[in-house]
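Observations on the model geometry
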Amino acid sequence: MAGRDKRRCAAALGCDKQRLRRRQDAAALLLRRIKGLVRWVVKEVAAGRSPSIVLHRYRNYCSAADAASPSPCACSYDAPVGTDVLSLLHKDCHTSRLNVLLRVLLVVQQLLQQNKHCSKRDIYYMYPSIFVEVAVVDRAINDICILFKCSRHNLNVVPVVKGLVMGWIRFVEGEKKVYCITSVNAAFSIPVSIEAIKDVVSVAHYILVVEKETVFQRLANDKFCERNRCIVITGRGYPDIPTRRFLRHLVEQLHLPAYCLVDSDPYGFDILATYKFGSLQLAYDANLLRVPDIRWLGVFTSDFEDFCLPDCCLLHLSPEDRRKAESILARCYLHKEAPEWRSELEAMLQKGVKFEIEALSASSISFLSDKYIPQKIKQGRHL
Amino acid sequence: MPSASSPHRKLLHSLVYWAVQRCRMSESPCRLTVSLKGPAEPASPSPLRVSVSDTGVGSKLEEFLELDDLARETPVEKWDGTLLITTTGINDEAIYRYRFNLQEELSSARFTKLATTYKNHATFSGTEVCLCLSNEADADDFILWLVGFFHKILVLRAANLACELFVEQIGSAESRNVCLPQYSDDVHHSVMASSSDRLVCGLKDYALSHGNTCDNCDTCTLNRDLLKIGTGAANNVDRRKAKGLHVEVVILIARTASDLSCWTVLYFEDFVPCPISQSSFDVLVSIDWQSYGFKLKGATAMQECQGSQQDRHLVRKALKSALSHLKADHAGDFLSCHGQRVREYVPDLAESIAGLILSSNDKEFQDECITLLGLGSNQDVSEGLVQSSICEKMVRVIELNDTKENAEDNAPYLFECEKLDEDSQLDEEDGDEDMNFDF
């Protein structure tokens, strides 16, 4: 017994070492690339030429699709759709972008050399007069990722996590044991970085992603996980990178189906689409962040009648909702990859109504966890 | 304010114009003298006596008939239409005198030949036109205009032409005299110097003598060396046109104490100051000033001359060539608005690059970059030095490429990560291409 423990311990240690080495190698490669860029910039400037940097432009979707005739477009998860040239000679907005890029790179180089981490907000406060706003730093981080073909976490720039998890799962995050399984109805923070996760063990049958924290708390309160072998995750609105990476990691590691429950309105749909297709802002990394097989559990416009919900919960789509829905309908990925989702959104727009997940609790407070979710999953009523 | 096209001005402009043309035709050194005598008191009944004389070729008198229209539209009380003309050609044996009365309806009475004086084999040529103009309340303005007009003629420094202006105002109390002889400055403007070189010289004097009468330019620079000059010229090469056209443009920039800068355009045709033609004015307004670091806030033509059939293309070409010349000689001062905006980023860019070099823990890389910058790897190089070296080089790149054409030429050198990987893979033992992704 002791021998087996020892072997397991040794294997874990070996695994940790390997993980560390890989991280160090990746940091060294990135540092080499940064130096390569700087050397090249210096060479160009010394030769009396402008340093001109090619940045690929990525797009995971476009709005060119027409309902009647979905035209083929160049959108792709892997290939760029165009390029921007950052230099001293062309558009001055591109010079400004180059300026911010190099300044953020200066911070990244220091982080990688010292093996430290910081948030984009930390970076912003180092040079607020150059960056003007956090969004500018955000864009520069994207530019660096595109330039060096890496992901954000490679740069040691860490996000602030807002996602929550509960249910039949346990894992180790760095030195910390996250044993959700011992208290399945309690909410745990989603780990900042999946690189720190190991020893994932789960006995769940599926993963349920809910749009809102209120719904997550409703399920916790109803002891949903106690009665259903599942893992529940919420990104609290539009999901951040750690939530998306964590979900993707679980789906890949545990081979579990994932269902998503969002409000029946255009914003709920957009959140759902972010899980499945990724966001435009992080299009260059969408293929590593998205969960292509996620199923849409609800709530559908048709659920309102199917589950005899009271009329008072039904709201009319505002002009802004309509505009949002119409712009989503035009996205090419719905035509290409999820025509049933598109039809459902079209139905919402045609009926001109919306309602929230909480409407399901109107008649009975626990209707969502007692009836709606188990029934839908059991009957396979999802898209 | 008197009308810019008052009959007095039109008349003097024409008389001087022809005198200048006669001088140019003679192709030998000539003198142009304008003299004006009048009472000092405004609205005095005594008239202004004007004489325009030149030593150019003799007059054939035809040009004066062109004043018919002007005489007809001018009230008799302003000018009675009389011109006394004395002229002789180089080969003439006599000096001829004529009286023209352009207000006269009867053609037989319009032209009178007066007494002839024989030259006694003397060889000279020249013309003098005398006339009397009414002394009106705005006589002072007219005199000011005439002085300004002469100043402008002097700007051209026309070859073989010496100009003089005498104004004498005689009054009971005091007399005022203006004497404006040809400048004799320190700069050689020999007959051999090109017309644009002479124009540059004249324009400098004009600027230094506060000749730029624009309200904002009250403090013209007094240092000749601080004036910035750009010259350009364009020729009409179309041989089908009988009359070739040659356009020369000189731009002179004088730094003023205030930032409010103002341009005055002096426009000449056939070596005489003229109101700018509409087509040339349009060219001025439509030039892409921003490419040369200027902002056109507005433009007003004081007078518009419709008659001129200028070749827009030539004016544009000459103007652009002058602007390019100005920019080439003073790269930093005439950076395009785009270049100026980009230049503002240079200190920050240089700080980032210097920081990336000096904060690197790779000494070899640091030395390499410092050597590339030409700072020498052995000496102890400060961050400030690296920064200023990068700054300087970047500013030069911006200045040298501050035209659309240059910017496009510079495009082929691009940084792409693929190229970097090709280089870096050489010193990598194993290809770890995919490990920078998900790990």
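Procedures and definitions
Residues numbered from 1 in each chain as written. Chains lettered and ligands numbered in written order. Predicted model: local features only at pLDDT ≥ 70, side-chain atom pairs only at ≥ 80, totals over all residues. Heavy atoms only, no water. Domains from an automatic or database assignment. Contact = heavy atoms within 4.5 Å. Buried area = accessible area lost by both parts, 1.4 Å probe. Salt bridge = Lys/Arg side-chain N within 4 Å of Asp/Glu carboxyl O. Helix = DSSP H or I, 4+ residues; strand = E, 2+ residues; numbered from the N terminus. Nonpolar A, V, L, I, M, F, W, Y, C, P; charged D, E, K, R; others polar. UniProt positions renumbered as here; feature names shortened; annotations may be inferred. Buried < 20%, exposed > 50% of the residue type's maximum accessible area, 1.4 Å probe, protein only. Polar contact = N/O pair within 3.5 Å; in protein donor to acceptor, adjacent residues only side chain to side chain.

1. Remarks on the domain arrangement of chain A
All names here are of chain A.
- Segmenting chain A into domains produces domain 1 (2-49 + 91-155) and domain 2 (164-379).
- Taking only C-alpha atoms, the centre of domain 1 and the centre of domain 2 are 32 Å apart.
- Facing 11 residues of domain 1, the contacting portion of domain 2 comprises 12 residues.
- Carbon and sulfur atoms make up 43% of the surface buried where domain 1 meets domain 2, a total of about 880 Å² over both sides.
- Its largest share of buried area at the contact with domain 2, domain 1 owes to Arg 19, Asn 142 and His 153, together 45% of the area lost on that side.
- Inspection of the domain 1/domain 2 interface yields 0 salt bridges.
- The set of elements that each furnish at least two residues to the side of domain 1 that touches domain 2 consists of helix H1 (2-46) and helix H5 (134-148).
- Tallying contributions element by element places H5 first for the side of domain 1 that touches domain 2, with 4 residues.
- Looking at side-chain class alone, the side of domain 1 that touches domain 2 contains 3 nonpolar, 3 polar and 5 charged residues.

2. Details of the UniProt feature "active site" (unreviewed entry) in chain A
All names here are of chain A.
- As recorded in UniProt, the sites labelled "active site" (unreviewed entry) are Tyr 125.
- The residue Tyr 125 is located in helix H3 (residues 120-126) in this model.
- Classification of Tyr 125 by relative accessible area gives exposed; the value is 55%.

3. With respect to the UniProt feature "domain: Spo11/DNA topoisomerase VI subunit A N-terminal" (unreviewed entry) in chain A
- UniProt records the feature "domain: Spo11/DNA topoisomerase VI subunit A N-terminal" (unreviewed entry) at residues 97-157 of chain A, using the numbering of this structure.
- Annotation note: span residues 97-157 of chain A, helix share 72%, strand share 0%, distance between end C-alpha atoms 19 Å.

4. Quick notes on the interface of chain A and chain B
- Between chain A and chain B, the contact holds 57 residues from the first and 47 residues from the second.
- A buried area of about 5,000 Å², summed over both sides, lies between chain A and chain B, and 65% of it is on carbon and sulfur atoms.
- On the chain A side of the interface with chain B, the three residues burying the most area are Arg33(A), Leu88(A) and Leu89(A), jointly 12% of the side's total.
- Between chain A and chain B we count 3 salt bridges in total.
- Note that Glu351(B) is salt-bridged to Arg103(A), the shortest N-O span being 3.6 Å.
- For the interface between chain A and chain B, the tally reads 9 residue pairs in polar contact (both at pLDDT 80 or more).
- Among the elements of the structure, H1, strand S1 (52-57), helix H2 (92-114) and H5 of chain A are those that each provide at least two residues to the side of chain A that touches chain B.
- Element by element, the count of residues in the side of chain A that touches chain B is highest for H1(A), at 20 residues.
- A per-class count over the side of chain A that touches chain B returns 26 nonpolar, 15 polar and 16 charged.

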